[in-house]
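Understanding the architecture of this molecule
Each chain, letter by letter, is given below.
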There are 12 protein chains.
Amino acid sequence: MKRILVLNGPNLNMLGKREPDVYGRETYEEIMTELSSYIDAKGFKADFYQSNIEGELINRIHSAIGFYDYIIINPGAFTHTSVALRDALLSVSIPFIEVHLSNIFSREPFRHHSYLSDVAKGVITGFGKYSYFMAVDFLFRIM
Amino acid sequence: MKRILVLNGPNLNMLGKREPDVYGRETYEEIMTELSSYIDAKGFKADFYQSNIEGELINRIHSAIGFYDYIIINPGAFTHTSVALRDALLSVSIPFIEVHLSNIFSREPFRHHSYLSDVAKGVITGFGKYSYFMAVDFLFRIM
Amino acid sequence: MKRILVLNGPNLNMLGKREPDVYGRETYEEIMTELSSYIDAKGFKADFYQSNIEGELINRIHSAIGFYDYIIINPGAFTHTSVALRDALLSVSIPFIEVHLSNIFSREPFRHHSYLSDVAKGVITGFGKYSYFMAVDFLFRIM
Amino acid sequence: MKRILVLNGPNLNMLGKREPDVYGRETYEEIMTELSSYIDAKGFKADFYQSNIEGELINRIHSAIGFYDYIIINPGAFTHTSVALRDALLSVSIPFIEVHLSNIFSREPFRHHSYLSDVAKGVITGFGKYSYFMAVDFLFRIM
Amino acid sequence: MKRILVLNGPNLNMLGKREPDVYGRETYEEIMTELSSYIDAKGFKADFYQSNIEGELINRIHSAIGFYDYIIINPGAFTHTSVALRDALLSVSIPFIEVHLSNIFSREPFRHHSYLSDVAKGVITGFGKYSYFMAVDFLFRIM
Amino acid sequence: MKRILVLNGPNLNMLGKREPDVYGRETYEEIMTELSSYIDAKGFKADFYQSNIEGELINRIHSAIGFYDYIIINPGAFTHTSVALRDALLSVSIPFIEVHLSNIFSREPFRHHSYLSDVAKGVITGFGKYSYFMAVDFLFRIM
Amino acid sequence: MKRILVLNGPNLNMLGKREPDVYGRETYEEIMTELSSYIDAKGFKADFYQSNIEGELINRIHSAIGFYDYIIINPGAFTHTSVALRDALLSVSIPFIEVHLSNIFSREPFRHHSYLSDVAKGVITGFGKYSYFMAVDFLFRIM
Amino acid sequence: MKRILVLNGPNLNMLGKREPDVYGRETYEEIMTELSSYIDAKGFKADFYQSNIEGELINRIHSAIGFYDYIIINPGAFTHTSVALRDALLSVSIPFIEVHLSNIFSREPFRHHSYLSDVAKGVITGFGKYSYFMAVDFLFRIM
Amino acid sequence: MKRILVLNGPNLNMLGKREPDVYGRETYEEIMTELSSYIDAKGFKADFYQSNIEGELINRIHSAIGFYDYIIINPGAFTHTSVALRDALLSVSIPFIEVHLSNIFSREPFRHHSYLSDVAKGVITGFGKYSYFMAVDFLFRIM
Amino acid sequence: MKRILVLNGPNLNMLGKREPDVYGRETYEEIMTELSSYIDAKGFKADFYQSNIEGELINRIHSAIGFYDYIIINPGAFTHTSVALRDALLSVSIPFIEVHLSNIFSREPFRHHSYLSDVAKGVITGFGKYSYFMAVDFLFRIM
Amino acid sequence: MKRILVLNGPNLNMLGKREPDVYGRETYEEIMTELSSYIDAKGFKADFYQSNIEGELINRIHSAIGFYDYIIINPGAFTHTSVALRDALLSVSIPFIEVHLSNIFSREPFRHHSYLSDVAKGVITGFGKYSYFMAVDFLFRIM
Amino acid sequence: MKRILVLNGPNLNMLGKREPDVYGRETYEEIMTELSSYIDAKGFKADFYQSNIEGELINRIHSAIGFYDYIIINPGAFTHTSVALRDALLSVSIPFIEVHLSNIFSREPFRHHSYLSDVAKGVITGFGKYSYFMAVDFLFRIM
């Protein structure tokens, strides 16, 4: 059975509590629960982790080595500032998909660049919570 | 029944004939046929159009007004150079999804900027032919 | 009798059908008809041409050689991207006026640069349909 | 009866005395006299002001509040350097048209940017003295 | 009674121990104690938090939701590098004031840009420990 | 008794008459009167000067030499364009505080740079009229 | 017998009719006729195509697959703006030589960059019509 | 007898009173008096003008037309910000020499660019008061 | 006896487990053990610390104050993004040497800039694990 | 009989000894000997000079004045860094052709700019040793 | 007796032989002879050196240590490209004046920056051969 | 026995004679003598070469082919300006170490970029004369 690690970066725990115009009204827990069921239904096994601390995300990625087949990551604001996260993902040689809830290209210019995209398998941005689900759809097709 | 217009820009007719390392071995016709079946199965109605001429794509978009509920567009190289295509999509007020087969962020720097992304619903890049299918998956969820 | 060629670039055929907040509610046909009457009243002879295909505009400019005294051109989105259109206008040695319906300087930054302005006689931007009429007013004064 | 304020910035008092290749041979006084007659004939009332001192232009704009319906301004070199002039025009909430005698886009690069254009109704550049007259033509059409 | 959260970013715990030419000789504890008394005297209730870990500051901001009326934050070096901190402050919809002890504009160029300033109520920079007190003065005036 | 010179740059005389969303509804005179009382109450002596002419502000600064202990300056639009004002302030060796009513960092990009900030004692931006009062509060603490 | 495709981009059909100071007085037809004879004399077989429409050039390149051994292309203004032309040339895996009549490096800065040069075999610029002939000379030496 | 106009821009009236490390201890009046004697001794006739108001300098330049053979100008801070001063000097067609007391190239980066230098006869920078005298020496040699 | 603190930033704990082409096959533990022996043999006393959390590295630096004579730091990805780390090192006034295993100048452009180098004693980059040893060699020579 | 000077810049003496993937296996001497024969056969007279010292190349160009009809120069790395070489070529008023063995546009970005190209007759790049021969072919056609 | 070293960089030996519109018709030898007489008449002792080889100029500067009181240098094209020349001048701690015959600010943009100006005593540019003489005039005044 | 070539670029012969604050008081000869002894003691054989002429350094590198196992180079100011030196080092395929006495990252911005670093084995900067010795230490470890 294929294993997936779903990672969420800073402030995503505030989903549903913050800026509903940008991010929607469902909470982080609701979305992850729904996603978990969806992944199970696809026949995969998933674990979930969220942290606001860059280094804790890095630690979680390190411990993923040899255990997961794919990572789905919404790096939040670390997308634009964290070389360390990029290095962590490269260090474990697990392919990953970068997802964003909002369309980062219609927001501030400093959100248009990602330190992860060029080393990701692919990027899905702008589809709200469905960005996660579409990543799973892709994994289901190829795994 | 919801209607979808699938647009493909320049050189995508060469799929399967060009650079298989980057774009895979399936031909444009094969992929679009498979996509057509998939869309039908989802209960949508789709039309397909490909052109290497920017203005013909614009004409096709203009004639879409009031007829389609969503556009899925792989703008190819026009992604990076065509303000006119952006204007055409805005002029018809049909929401659209931008898809790319390859991961444009791991290619030449001039492919990192898109004139369409900030006015798209969302962007899917890097998943090969599945980028189209994932766009359909999203539409199925929201329509 | 002096002859004028009025050229319109991509998406201008959608006038009145698109973004009325930006471009107004009159259609392209209505505006050109009114403009035609105005030019006639001034004692000039005018022809009109619109295309969404850059190369067709170039072809039309080439065929203008030795036939028209002035060109009034609203290059639309090609303003910002087409060196070929610039070269076409230079190649026929017909003086031209660049007009824009909207104020391009209050829109996206990529609309602030024009490949035509420095070789135009002058530029009129932001006066809605009257931008065309003011170009005619100028020609009436000097021809 | 509609009232128009015609403002001219630095060095425009030298018109006809300076660089005739760029600006023509008519003097500032001759052009403004002709313009005054033209505005009168259109049924408007106009006042004229020129200064080489940025702050005096600002003072004149402030005193225009509630008195004029439109401002026609040739800001001269202040076009490219004066944020204060921009603020003055915004502070009185009188719509204005920016005009230039020469084609600023075919001159030095530092003349290609204007601090006024994005907040102007529109811009007319390159038509010599007729740039003023065309601004009046526009006002006649809309007022 | 109004509640204020005073946040201090990385290295501010070293105040008084580091570079006295830049930051003065009073320790972090001394300044915060004096500030606490001042806030009490104004009739507000304040809590204080300092961390060198970006994610801990984010966590502290998240837990502030619905509890504080205003945040006074000296983000230290995170001012220039942390999009995540910006997002955290936006996510809780608590207005905040950005303060700096030193004048960041007379230091290295990379300290001239702040990821927080444009979404802050206001910015106070260069007044040593009094930057905090002046923020309180403002709150006293408006709350 | 300590003496303070309060300087205001271009368009600040229009306060209360212009863009109340940005600058509030109180007039320049009302604010300065209130500020004057506040300074008196603190035991300082203040003079006030406003001009829309850069050179008049410079002249006023020159005449301040040896007479004032501190300058509070709201340079308005000259903040972003006037090297001469910077030089004038340096030439008299009187320390000064730069204040802004609006938050210049949440406005147009050309307002993000100041020619004065790096040579100011400190900068206060975004607190409406209270920016002046907070500057006085600081002076009260140190003088 | 080796086969060569000679492609010419926008406005080159105007050769001899436009800007003789820059491009010389011989017409496009005269030059291509002379070039055709020269290629024949070298023992190659050549076809010629010119279009002002980017997409038609792309179509012509696509149909060249498996048929020509080398392409000689003067992309005209598309040199500087067309990523799609670059992709078309890459898609058919036919080596090509980029030629220019004028010295693009002594013209406007926007003509100094080419989207084709880095994937061309080589570039010949500035030798008037002889740029084409020199490309043939090279092919004669290596084929 | 040849006539020279010596112009000095903002803050130069403060010479000897400001930053003696940068500008020396002699006052503006002392230097101009010494310069006046030197010019007289060379057999020229000179007039002197200083203003802190850009527009007054422009007015003085305008009134110089047809009266002076050469202008020596120390534009002070206007060097770096005033396009209007450049235009004024061009408008009167009097050749001019740009002088600076301090070496502008060893000061802040924004002092490295001059709006006057490229249209000046020449530039003399860094020699203290002698920069003026050396300009006179040059005029003595050529006039 | 001189004391040295050896600090390692994010992902360096993965040495030997990640990208052996770039970083070699020895593990972090093996290298640090060998380095520890080498430092002992030189007669110094060393402590070692590694963290993936920026703030923990800062905390460790703060606690080093008055205890270590030199710091050897491989900041990993924080090299390019952490102003806070720079400030921490400056705050304790302990001289430090920046080392890198790989040659950062032959990697991605964003790795060419370091926030630490200009305040380091010196920088050693590209020598694999020997970069650490060479830093010790230097300390042995000067301490 | 027409005379040609063939100049080669730094490191070209290493041809055939260095990086054969980029520059081929023939030595400098072999190529120049073959080129010499070819030039003789065309009825021209040629001299050859190579130096790794910029100033020696300049000296050789100076001594060419009035003696050669054309210069063919491969400036090697001086292409990108030597203004002095550009000035030397301009100083002798001998037209010249710039040639490169490799395609400089597919190499490092700093090789994309040439200080010579805009003042050359034309540029030939990427054809290996044949770049020289093609330059001769051109001279044979025009001389 | 004070000693002066006059240094001239690349291509200045061609003075009078090259581009007389830019540099005048007098030869290098004629100018230096006249300059030599002028320096003698001032009571100084001068030596002269010109080279087209950067390193020879550096060698000459090194040998000047302890022997000359001032250097007058026209660095020619090395002005814009030679950090080594800057270092050589700094290494001997002899003050120097940078002179240029032409006005470098009215020439190509790459001539607007000098690697020497910020460490020179001053700069004289645009006065033809008199630039040298004016440097001597300055030395006469201060030595 | 392994052979090392130690190269020093421009102005390094002035070591000990120039700017002791930056470079120390030991002369070039003293340092090289000490280094020579150290290399001998390590069992290597070294040759030394210094020149202020870029092309002589290139010549020396060319003659090193097949003779030396490693090059240690302090390129001095050529670090920042010489593509030719880079090419020379690449042309001989001898690995090399780049060393600098001073910390180039704490000096002028134009010293922060090196044309050699990305093709060097590694870089050692800021350790005074010990930078050379540390390079030898590395070679001792690997050879």
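Up top is the structure these notes are about.
As the structure is a computational prediction, the values presented were derived from the model and not from experiment. (Residues numbered from 1 in each chain as written. Chains lettered and ligands numbered in written order. Predicted model: local features only at pLDDT ≥ 70, side-chain atom pairs only at ≥ 80, totals over all residues. Heavy atoms only, no water.)

Below, the discussion takes up the overall build of chain A. In terms of helices and strands, chain A carries 5 helices and 5 strands. Each helix and strand of chain A, placed in order from N terminus to C terminus, yields the pattern β-α-α-β-α-β-α-β-β-α. Relative to its length of 143 residues, chain A is compact, with a C-alpha radius of gyration of 14 Å against a globular reference of 15 Å. In terms of principal-axis extent, the alpha carbons of chain A reach across some 40 × 30 × 25 Å. The buried share of chain A, reckoned over its 143 residues, is 62%. As displayed, chain A offers around 4700 Å² of accessible surface, 51% of which is attributable to carbon and sulfur atoms. Across chain A, the mean location of the 14 positive side-chain charges is 4 Å away from that of the 16 negative side-chain charges. (Helix = DSSP H or I, 4+ residues; strand = E, 2+ residues; numbered from the N terminus. Rg over C-alpha atoms; globule rule 2.2 N^0.38 Å. Buried < 20%, exposed > 50% of the residue type's maximum accessible area, 1.4 Å probe, protein only. Areas by Shrake-Rupley, 256 points an atom, 1.4 Å probe, with all protein chains shown as cover. Lys, Arg positive; Asp, Glu negative; His and termini not counted. Charge placed at Lys NZ, Arg CZ, Asp CG, Glu CD.)

The next point concerns the arrangement of the chains. Separated without contact, chain C and chain F have their nearest C-alpha atoms at a distance of 12 Å. In this view chain E stays clear of chain J, with the nearest C-alpha atoms of the two still 26 Å from each other. (Contact = heavy atoms within 4.5 Å.)

Take the interface of chain A and chain B next. At the junction of the two partners, chain A supplies 23 residues and chain B supplies 23 residues. Taken together, the two surfaces of chain A and chain B that pack against each other cover about 2000 Å², and 63% of this comes from carbon and sulfur. Across the contact surface, chain A and chain B share 2 salt bridges. Of the charged contacts, one joins Arg141 of chain B and Asp137 of chain A as a salt bridge, the two residues approaching to 3.0 Å between their closest N and O atoms. Between the two partners, chain A and chain B, sit 10 residue pairs in polar contact (both at pLDDT 80 or more). Secondary-structure elements contributing two or more residues to the side of chain A that touches chain B are strand S5 (122–125) and helix H5 (130–142) of chain A. With 8 residues, the top contributor of residues to the side of chain A that touches chain B is H5 of chain A. A per-class count over the side of chain A that touches chain B returns 13 nonpolar, 6 polar and 4 charged. (Buried area = accessible area lost by both parts, 1.4 Å probe. Salt bridge = Lys/Arg side-chain N within 4 Å of Asp/Glu carboxyl O. Polar contact = N/O pair within 3.5 Å; in protein donor to acceptor, adjacent residues only side chain to side chain. Nonpolar A, V, L, I, M, F, W, Y, C, P; charged D, E, K, R; others polar.)

The subject of this paragraph is the pattern of salt bridges. Scanning all chains against the criterion turns up 108 salt bridges over all chains. Between Arg86 of chain E and Glu108 of chain A there is a salt bridge, with its nearest N and O atoms 3.0 Å apart. Of this pair, Arg86 of chain E sits in helix H4 (residues 83–92) while Glu108 of chain A is found in the loop between strand S4 (96–100) and S5, placing the two residues in two different chains. Accessibility expressed as a relative area gives 3% for Arg86 of chain E, which makes it buried. Two residues, Arg86 of chain K and Asp118 of chain K, come together in a salt bridge whose shortest N-O distance is 2.7 Å.

Moving on, we come to the relation of the copies chain J and chain G. When chain J is fitted onto chain G, the two copies agree to an RMSD of 0.0 Å after a turn of 180° and an axial shift of 0.0 Å. When the rotation and shift are considered jointly, the pair of chain copies conforms to a two-fold rotation axis. No C-alpha of chain J lies nearer the rotation axis than that of Ile124 of chain J, which sits 2.3 Å from it. Most of the interface of chain J is mirrored in chain G, where 100% of its interface residues again form contacts. (Least-squares fit on C-alpha atoms with pLDDT ≥ 70 in both.)

Here we come to helix H3 (residues 54–62) of chain G. For the α-helix, the turn length of 3.6 residues means that residues three or four positions removed from each other point alike. All names here are of chain G. Among the 9 residues that make up H3, 7 are buried, leaving the element largely enclosed by the rest of the structure. Within H3, burial applies to Glu54, Gly55, Leu57, Ile58, Arg60, Ile61 and His62. Buried residues belonging to H3 abut strand S1 (3–8), strand S2 (45–50) and helix H4 (83–92).

A pair of packed helices is captured by two measures, namely the crossing angle of their axes and the spacing between those axes. All names here are of chain L. Where helix H2 (residues 28–41) contacts helix H5 (residues 130–142), the two axes come as close as 10 Å, and the packing angle between them is 15°. Classified by the interaxial angle, the pair formed by H2 and H5 is roughly parallel. Remark: the crossing between H2 and H5 carries right-handed chirality. The residues of H5 that touch H2, namely those facing Ile31, Met32, Glu34, Leu35, Tyr38 and Ile39, are Tyr132, Phe133, Val136 and Asp137. Here the contact of H2 with H5 is built from residues that sort into 8 nonpolar, no polar and 2 charged. (Axes fitted to C-alpha atoms, helices over the stretch in contact; angles between N-to-C directions. Parallel < 35°, antiparallel > 145°, perpendicular 65-115°, else oblique. Left-handed = near helix turned anticlockwise from the far one by under 90°.)

The subject of this paragraph is the side chain of Asn8 of chain F. Residues and elements named next belong to chain F. Position of Asn8 relative to the elements: it lies in strand S1 (residues 3–8). Side chain to side chain, Asn8 and Tyr132 meet in a polar contact 2.4 Å long. Residues within four places of Asn8 in sequence aside, it is in contact with Tyr28, Met32, Tyr49, Gln50, Ser51, Leu57, Asn74 and Tyr132.

To continue, consider the interface of chain J and chain G. Often, the extent of an interface is quoted as the loss of accessible area upon association of its parts. Taken residue by residue, the interface counts 23 residues in chain J and 23 residues in chain G. For the chain J and chain G pair, buried surface summed over both sides reaches about 2000 Å², with 64% attributable to carbon and sulfur atoms. Sorting the residues of chain J by area buried against chain G places Phe105, Phe127 and Arg141 of chain J first, and these three jointly supply 32% of that buried surface. For the pair chain J and chain G, the number of links is 10 residue pairs in polar contact (both at pLDDT 80 or more). Secondary-structure elements contributing two or more residues to the side of chain J that touches chain G are strand S5 (122–125) and helix H5 (130–142) of chain J. When residues of the side of chain J that touches chain G are assigned to their parent elements, the largest contribution, 8 residues, is made by H5 of chain J. Partitioning the side of chain J that touches chain G into residue classes produces 13 nonpolar, 6 polar and 4 charged. Pairing geometry for strand S5 (residues 122–125) of chain G and S5 of chain J, over 3 bridges, is antiparallel. Within S5 of chain J, the residue paired with Val123 of chain G across the bridge is Thr125 of chain J. (Pairing = 2+ DSSP bridges.)

Okay, the sheet that holds strand S5 (residues 122–125) of chain D next. Read across the open sheet, the 10 strands follow the order S2(C)-S1(C)-S3(C)-S4(C)-S5(C)-S5(D)-S4(D)-S3(D)-S1(D)-S2(D); overall the sheet is mixed. Bordering the open sheet on either side are strand S2 (45–50) of chain C together with strand S2 (45–50) of chain D, each of which pairs with just one other strand. Strand-to-strand, the axes of this sheet are offset by a mean angle of 20°, without reference to chain direction. Here 3 bridges tie strand S3 (residues 70–74) of chain D to strand S4 (residues 96–100) of chain D, and the two strands are oriented parallel to one another. Paired with Ile71 of chain D across the two strands is Phe96 of chain D, which belongs to S4 of chain D. Helix H2 (residues 28–41) of chain D rests against strand S1 (3–8) and S2 of chain D of the sheet, and its axis sits at about 160° to S2 of chain D.

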